[in-house]
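The lines below spell out each chain.
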Amino acid sequence: MSTENLPQSPDQQPRKPRVAVVFGGRSSEHGISMVTAGAVLRAIDRAKYDVLPIGITREGRWVLTADEPERMAITDRRTPEVEDLTDAGEGGVVLPVDPANREVVYTEPGSVPKALGEIDVVFPVLHGPYGEDGTLQGLLELSGVPYVGSGVLASAVGQDKEYMKRVFTSFGLKVGPYVVIRPREWEQDESAARKKIIDLAGDHGWPLFVKPARAGSSIGITKVEDLSGLDEAIAEAQRHDPKILVEAALRGREIECGVLEFEDGPRASAPAEIPPPDAHAYYDFEAKYIDSTPGIVPAPLTAQETAEVQRLAVDAFEAASCEGLVRADFFLTEDGEFVINEINTMPGFTPISMYPQMWQASGISYPDLVDKLIQAALRRSTGLR
């Protein structure tokens with residue numbers, strides 16, 4: 001695509017901060033990342049910031065894309081692709097790897113590389129591996145470019161559900177019963193690995209939830225009602241991640257809470273409740289994004305319950321050394337105890353997603369939320385902190 005309408009190298013000062021919105025990616029959550037990016041691009045105040053949209057294809061190529069958020073929506077139950085917003089065969093984008101230089105360069109076969117100017121902050125609206133898991137964050141740390149969201153460690157912990165649970169347990173947060181099956185276990189002795197899962201069911205009953213250990217958006221998850229469905233569920237989870245997590249079902253209400261980093265530290269939003277979806281076995285991908293099952297915001301909790309889940313959400317944020325934002329997901333069990341299920345360090349960020357809805361109920365609009373995240377990133381230094 002042509003670069004004539006894109007921000008060019010600045011010759012005059014002062015200039016507006018330039019935000020590179022990076023989206024797409026190599027994970028199975030590519031399409032949801034696109035939807036999130038479209039919402040963020042619509043919300044960014046163009047009078048305050050210059051914006052550079054950068055897509056990552058499913059093959060991992062970084063490309064310039066059209067700044068057309070209206071084309072980044074779910075249409076006819078299909079999520080968009082980076083390739084929908086870029087011309088076939090065009091060149092790619094190269095980020096700097098020198099902390100002294102934040103210049104973005106556009107290269108196209110047969111043409112002289114074109115400098116697009118420096119970027120001041122990256123808004124990485126990527127979900128899943130190769131984006132939300134610390135890999136992109138490590139690249140940006142090497143480049144010395146500030147970015148929205150958690151750093152390398154917290155992003156990795158937030159992506160790997162096993163180590164997330166281990167960290168939470170070490171900080172005194174209660175998690176539900178689970179087992180992990182690593183690739184080597186499965187390859188060396190399938191029977192022994194399967195027995196671990198069956199023993200979990202023997203101790204805690206059916207159903208079980210079989211999940212990819214390092215994926216999100218409820219992709220690859222199966223609710224298994226009995227032994228007959230186990231092998232198919234394992235195969236489905238392994239299509240997305242060779243390491244799988246199996247959790248015992250917890251009886252109770254699903255409660256979510258957002259955390260946002262302010263200048264004086266993290267604060268929790270009004271919580272939300274996810275009611276059981278009528279047309280789905282649980283709150284799966286289609287319930288979340290295709291059928292847009294509504295949550296209840298704010299959640300109908302007592303004042304004491306609200307304060308407790310907000311405290312626990314901030315505790316989880318701090319336990320994993322998170323920055324910027326987190327959505328923390330809990331079960332409120334039948335005996336009145338909050339059990340943390342997981343955190344998302346870059347949660348779904350579409351206007352119908354629970355994270356922005358919870359902050360809307362807390363008095364912060366979607367555009368203001370995007371602005372606060374960018375400002376928090378600009379305040380932080382890269383490197384050890």
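Here the residue index of a chain counts from 1 through its sequence in written order. Local features in a predicted model are, by the rule used here, given only for residues with pLDDT of at least 70; side-chain atom pairs are given and counted only at 80 or more, and totals for whole chains, interfaces and linings are based on all residues. Only hydrogens and water are removed before side-chain values are computed, so all heavy atoms of the structure are retained for them.

Caption draft 1: Region of the structure containing the overall build of the protein chain. Of the regular secondary structure elements, the protein chain holds 11 helices and 16 strands. When we talk radius of gyration, it's over C-alpha atoms, and the globule rule is simply 2.2 Å times the number of residues to the 0.38. A compact globule built from 385 residues would reach a C-alpha radius of gyration of about 21 Å, and the protein chain, at 21 Å, matches this within 12%. Once the C-alpha set of the protein chain is aligned to its principal axes, its extents read approximately 65 × 50 × 45 Å. When checking whether two residues touch, look at their non-hydrogen atoms; a contact exists if any pair is within 4.5 Å. For the protein chain, the share of sequence-separated contacts (at least 6 apart) that also reach a separation of at least 24 residues comes to 67%. Note on conventions: DSSP H or I runs of at least 4 residues are helices, E runs of at least 2 residues are strands, and numbering of each starts at the N terminus.

Caption draft 2: Structural view of the sheet that holds strand β5 (residues 103–107). Here, a strand pair is defined by DSSP locating no fewer than two bridges between the strands. The three strands lie next to each other as β4-β5-β6, forming an open sheet whose pairing is antiparallel. Two strands close off the open sheet at either side, each with one partner strand: β4 (92–94) and β6 (114–118). Neighbour to neighbour, the strand axes of the sheet diverge by 25 degrees on average, direction disregarded. Strand direction decides the pairing type here: β5 and β6, joined by three bridges, are antiparallel. Counted as the bridge partner of Y106 is K114 from β6. Axes, fitted as lines to C-alpha atoms, cover a helix only where it is in contact. Angles between the N-to-C directions of the axes lie from 0 to 180 degrees.

Caption draft 3: Spatial organisation of the packing of aromatic side chains. Side-chain rings of Phe, Tyr and Trp (the six-membered ring for Trp) are treated as a pair once their centres are within 6.5 Å; stacked means planes under 30 degrees apart, edge-to-face means over 60, and tilted covers the remaining angles. Evaluated as defined, the whole model comprises five aromatic pairs. Between the aromatic rings of F330 and F338, the centroid separation amounts to 6.2 Å while the plane-to-plane angle is 80 degrees, which identifies the pairing as edge-to-face. Just as F330 is buried, F338 falls in that class too. Through pairs of rings, three or more aromatic residues link up here, namely F123, F349, Y355 and Y366. Just above the ring of F262 sits the side chain of R267; from NZ or CZ to the centre is 3.9 Å. Each residue is assigned to one of three classes by its accessible area relative to the maximum for its type, calculated with a 1.4 Å probe on protein chains only: buried under 20%, partly exposed between the two thresholds, exposed over 50%. For a Lys NZ or an Arg CZ to count as sitting over a ring, it must be within 6 Å of the ring centre and within 35 degrees of the ring normal.

Caption draft 4: Inspection of the packing of helix α3 (residues 152–159) against helix α4 (residues 161–170) at higher detail. Viewed as axis vectors pointing N to C, α3 and α4 meet at an angle of 105 degrees, and their least axial separation amounts to 5 Å. The angle between α3 and α4 places the two elements in the roughly perpendicular class. Packed against α3, whose contacting residues are V157, G158 and Q159, the element α4 presents K161, Y163, M164 and V167 at the interface. In this scheme, roughly parallel covers angles under 35 degrees and roughly antiparallel covers those over 145, while 65 to 115 is roughly perpendicular and the rest are oblique.

Caption draft 5: How the structure looks around the nonpolar core. Residues belong to a common nonpolar core when they are buried Ala, Val, Leu, Ile, Met, Phe, Trp, Tyr or Cys residues joined through side-chain atoms within 4.5 Å. Core analysis: the largest hydrophobic core is formed by 34 residues, its most contacted members being V21, I44, F123, F349, V370 and I374. Sorting the residues of this core by element identifies β1 (18–24), α1 (30–43), β7 (121–124), β12 (252–262), α10 (354–361) and α11 (366–379) as the ones contributing at least two each. If sequence neighbours within four positions are ignored, V370 has contacts with V40, A43, I44, F123 and F349. By size, the runner-up hydrophobic cluster in this structure holds 28 residues, among which are L173, L301, C322 and I340.

Caption draft 6: Summary view of the pairing of strand β9 (residues 208–212). Burial runs high along β9: five of the five residues are buried. Across the two faces of β9 the burial is the same, with L208, V210 and P212 and F209 and K211 all buried.

Caption draft 7: Structural detail: the environment of L230. For L230, the position within the fold is in helix α7 (residues 230–238). When the C-alpha atoms of L230 and R194 are compared, they prove to be 8.7 Å apart, with 36 residues separating the residues in sequence.

Caption draft 8: Region of the structure containing the sheet that holds strand β8 (residues 178–181). Here four strands make up an open sheet; going across it, the order is β8-β11-β9-β10 and the pairing antiparallel. The open sheet is flanked by β8 and β10 (222–224), the only strands paired with a single partner. Pairwise comparison of adjacent strand axes, ignoring direction, gives a mean angle of 20 degrees for this sheet. Across the sheet, α4 lies against β8, β9 and β11 (244–248), angled at about 140 degrees from β8, the strand it touches most. On the sheet, helix α6 (residues 190–204) packs against β8, β9 and β11 and is oriented at approximately 175 degrees with respect to β8.

Caption draft 9: Summary view of the pairing of β12. Pairing between β12 and strand β15 (residues 325–333): nine bridges, direction antiparallel. Paired with E256 across the two strands is D329, which belongs to β15. Summarising the sheet, β12 and strand β13 (residues 265–268) pair through four bridges and their orientation is antiparallel. Following the sheet pairing, L260 is matched in β13 by R267.

Caption draft 10: Examining the pattern of salt bridges more closely. Definition used for salt bridges: Asp or Glu carboxyl oxygen within 4 Å of a side-chain nitrogen of Lys or Arg. All told, the structure shown has 32 salt bridges when counted by the stated rule. In this structure, E162 and R166 form a salt bridge, with 3.0 Å as the shortest nitrogen-oxygen distance. You can see E162 and its partner R166 sitting in helix α4, four residues apart, about one turn around the helix. Linked through salt bridges whose partners overlap, the residues forming this network are E141, E261, E323, R380 and R385.

Caption draft 11: Up close: α4. Those residues of α4 not exposed but buried are K161, E162, M164, K165, V167 and F168. For α4, the capping residue at the N-terminal end is D160, with a side-chain oxygen 3.0 Å from the backbone nitrogen of E162. Looking one or two places after α4, you find G172, whose phi comes out positive at around 85 degrees. The term polar contact refers here to a pair of N or O atoms within 3.5 Å; inside protein, the definition further demands a hydrogen-donor-capable atom paired with an acceptor-capable atom, and it admits residues adjacent in sequence only when both atoms are side-chain atoms.

Caption draft 12: View of α11. In this model, α11 (14 residues) spans 20 Å end to end at C-alpha, consistent with the 20 Å of a helix rising 1.5 Å per residue. Considered for burial, the residues of α11 that qualify are Y366, L369, V370, D371, L373, I374, A376 and A377. Packed against the buried residues of α11 are β1, α1, β7, β12, β15 and α10. A helix's residues, less one, multiplied by 1.5 Å, set its expected span.

Caption draft 13: The side chain of K243, seen in detail. Of note, K243 is situated in the loop between α7 and β11. K243 sits in the buried class, given a relative accessible area of 6%. When near neighbours in sequence (up to four residues on either side) are disregarded, K243 contacts D160, E162, Y163, V180, I181, R182, P183, K211, P212, A213 and R214.

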